[in-house]
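# A look at the structure
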Amino acid sequence: MTDQPADLPAETVPLDHADLAAVDPELREPLPTIMAATPRPLTLDVLPARRALGAELRPTDELLSRDGRITLETRQAGETSVLIARPAGMEGPLPGVVYLHGGGMIAGDERSDLPGVLEWVEQVGVVVVSVAYRLAPEHPYPAGVEDCHAALTWTLAHLDELGIDGRVVLAGTSAGGGLAAGTALLHRDRGGADLAGLLLMCPMLDDRRVDAPVRPYDTWSSVSNRTGWTALLGAARGGPDVPPYAAPARATDLSGLPPAFIDVGTADIFLDEDVTFTQRIWAAGGRADLHVWAGGFHAFDHLVPEAQISGEARAARVGWLKRILQTRPYVTV
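What comes next concerns the included structure. Every chain is numbered independently, its residues counted from 1 as its sequence is written. Selection of residues for local features in this predicted model requires a pLDDT of at least 70, selection of side-chain atom pairs for listing and counting requires 80 or more, and totals for whole chains, interfaces and linings are taken over all residues. Side-chain numbers come from the whole structure's heavy atoms, not from hydrogens or water.

## Considerations on the packing of aromatic side chains
This is how the line gets drawn: Note on ring pairs: Phe, Tyr and Trp rings are taken, using the six-membered ring of Trp, and paired if centres are within 6.5 Å. Classes follow the plane angle, with under 30 degrees stacked, over 60 edge-to-face and the rest tilted. Secondary structure is summarised from DSSP: a helix means a run of H or I of at least four residues, a strand means a run of E of at least two, and numbering begins at the N terminus for each. The rule is simple: take the accessible area with a 1.4 Å probe, protein chains only, and divide by the maximum for that residue type; under 20% is buried, over 50% is exposed, in between is partly exposed.
According to the stated counting rule, one finds two aromatic pairs in the structure shown. Seen in terms of ring centroids, Tyr99 and Trp120 are 6.1 Å apart; in terms of plane orientation they differ by 80°. Their pairing is edge-to-face. Taken together, the residues Tyr99 in strand S3 (residues 94-100) and Trp120 in helix H5 (residues 114-123) connect sequence positions 21 residues apart. This pair shows no difference in class: Tyr99 is buried, exactly as Trp120 is. On the numbers, 5.7 Å between centres and 50° between planes, the contact of Phe261 with Trp320 is tilted.

This is how it looks when you write it as structure tokens:
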């Protein structure tokens, strides 16, 4: 197991700090409850408790099936497993989304984020393949990204069996967004078939950005960020030899990626790296939609789904998926 970094600062900033003005008013009110709901900051010492809480809150089949509107199936995809969600009763092959969950590279599972992601199944009409990739520190790089790539490759090799028509989007949230970007780079470099799109929600992209000051609205703070990256990369974190498949912000070539959608809040620790990554896709001649949500902290739409800004963020992703899946050609496998 990777050693806990010794230089982690304490999170002691009170929630009435003036910086809370940076947070959307509708998100600000529930923030104290959110911050108290799970062990923070996320260090290796509290990781077992965080994982245990995640297991306790793990969404059930009953919840995810949405009164029978969605069918669920667990399959083995190489060395990992996937949870497949389909719209019940919808005939004919459908587009697919390979989805990678969040959790800082060290927590979460294939069910963690699905309550929100299943909106895509119902509103867009896609088959979601959610991946149970291995977690650090027990399984450091490259285990996680190789699991994700294997699941993507397996999906593309079983399109007919899965009822997917050939259009496949790779998507992820937070750490899963970083893994999706890294998987897309790996897939490109290994000569994989064209993907229909790349959807990155508040992605975790850069192991070098771990020294930001702790702020009262950091639902994922610099402390937690350093823990996650160190668990994944060990002593290599922040050094010169981290590959882009681990930290996609390290990539020197962002050409050849599928059309992308990237979103992040202005109060998110990942704001700068996500905006910079998008700008570099543009500079490489790629297509990317960038949405920056004023006053949104990390994973705001997951943590406060009823807020207006959260609804707008989810609607923007649904709109992009509909647009990209209508206009992109089928892949040839």
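Structure shown, so let's carry the discussion forward.
## Here we look at the pairing of strand S6 (residues 197-201)
Basically, it comes down to this: Convention used here: a crossover is right-handed provided that the path from the first strand, over the helix, to the second strand proceeds clockwise when the strands point away from the viewer.
With five of five residues buried, S6 lies mostly within the body of the structure. Residues of S6 alternate between two faces, with Gly197, Leu199 and Met201 on one and Leu198 and Leu200 on the opposite face, all of them buried. Handedness of the crossover joining strand S5 (residues 164-173) and S6 through helix H8 (residues 175-189): right-handed.

## A word on the pattern of salt bridges
Defined as follows: Note on definitions: salt bridges are taken to be side-chain nitrogens of Lys or Arg within 4 Å of carboxyl oxygens of Asp or Glu.
Per the stated rule, a full pass over the model turns up 23 salt bridges. Between Asp61 and Arg111 there is a salt bridge, with its nearest N and O atoms 2.6 Å apart. Residue Asp61 is located in helix H4 (residues 61-64), and its partner Arg111 is located in the loop between S3 and H5; the two are separated by 50 residues in the primary sequence. Overall, the relative accessible area of 9% leaves Arg111 in the buried class. A salt bridge links Asp211 to Arg226; its shortest N-O distance comes to 2.0 Å. In this pair, Asp211 is assigned in the loop between S6 and helix H9 (222-233) and Arg226 in helix H9, connecting sequence segments 15 residues apart. Look at Asp211 and you get exposed, because its relative accessible area is 61%. Linked through salt bridges whose partners overlap, the residues forming this network are Arg66, Asp67, Arg69 and Glu122.

## Some words on the sheet that holds strand S4 (residues 127-132)
The strands making up a sheet associate through hydrogen bonds between their backbones, and the pairing can be parallel or antiparallel. So the rule is basically this: Here a strand pair is declared whenever DSSP counts at least two bridges between the two strands. To get an axis, a line is fitted to the C-alpha atoms, and for a helix only the part in contact is used. The angle between two axes follows their N-to-C directions and goes from 0 to 180 degrees. Every residue pair with non-hydrogen atoms within 4.5 Å of one another is taken to be in contact.
Read across the sheet, eight strands follow the order S1-S2-S4-S3-S5-S6-S7-S8 without closing on themselves; strand pairing throughout is mixed. The open sheet has two edge strands, strand S1 (70-77) and strand S8 (288-297), and neither has a second partner. Taking the axes of each pair of neighbouring strands and ignoring which way they run, one obtains an average angle of 20° across the sheet. For S3 and S5, the ladder comprises six bridges, and the chain directions are parallel. Paired with Val97 across the bridge in S5 is Val169. Contacting S1, strand S2 (80-87), S3, S4, S5 and S6, H5 crosses the sheet at an angle of about 45° to S2. Packing of helix H10 (residues 271-283) onto the sheet brings it into contact with S6, strand S7 (260-267) and S8, and relative to S7 it is tilted by some 150°.

## Regarding helix H6 (residues 143-157)
Worth spelling out the cut-off: Each residue after the first adds 1.5 Å to the expected span of a helix.
The first and last C-alpha atoms of H6 sit 21 Å apart over 15 residues, in line with the 21 Å expected at 1.5 Å per residue. For H6, the tally of buried residues reaches eleven of 15 residues, placing the bulk of the element in the interior. Within H6 the residues assigned to the buried category are Ala143, Gly144, Val145, Asp147, Cys148, His149, Ala151, Leu152, Trp154, Thr155 and Leu156.

## Describing the environment of Leu57
The topology assignment puts Leu57 in the loop between helix H3 (47-56) and H4. Residues Leu57 and Ser112, 55 residues apart in the sequence, show an inter-C-alpha distance of 8.5 Å.

## Digging into unusual backbone geometry
Only a minority of non-glycine residues have a phi that is not negative, and only a minority of peptide bonds are not trans. Put simply, Ala136 and Pro137 share a cis peptide bond, and its omega is 0°. Within the secondary structure, Pro137 is located in the loop between S4 and H6. Going from Tyr141 to Pro142, the amide bond is cis rather than trans, its omega being 15°. Relative to the assigned elements, Pro142 resides in the loop between S4 and H6. For Ser174, which is not glycine, the phi dihedral falls at a positive 60°. Of note, Ser174 is situated in the loop between S5 and H8.

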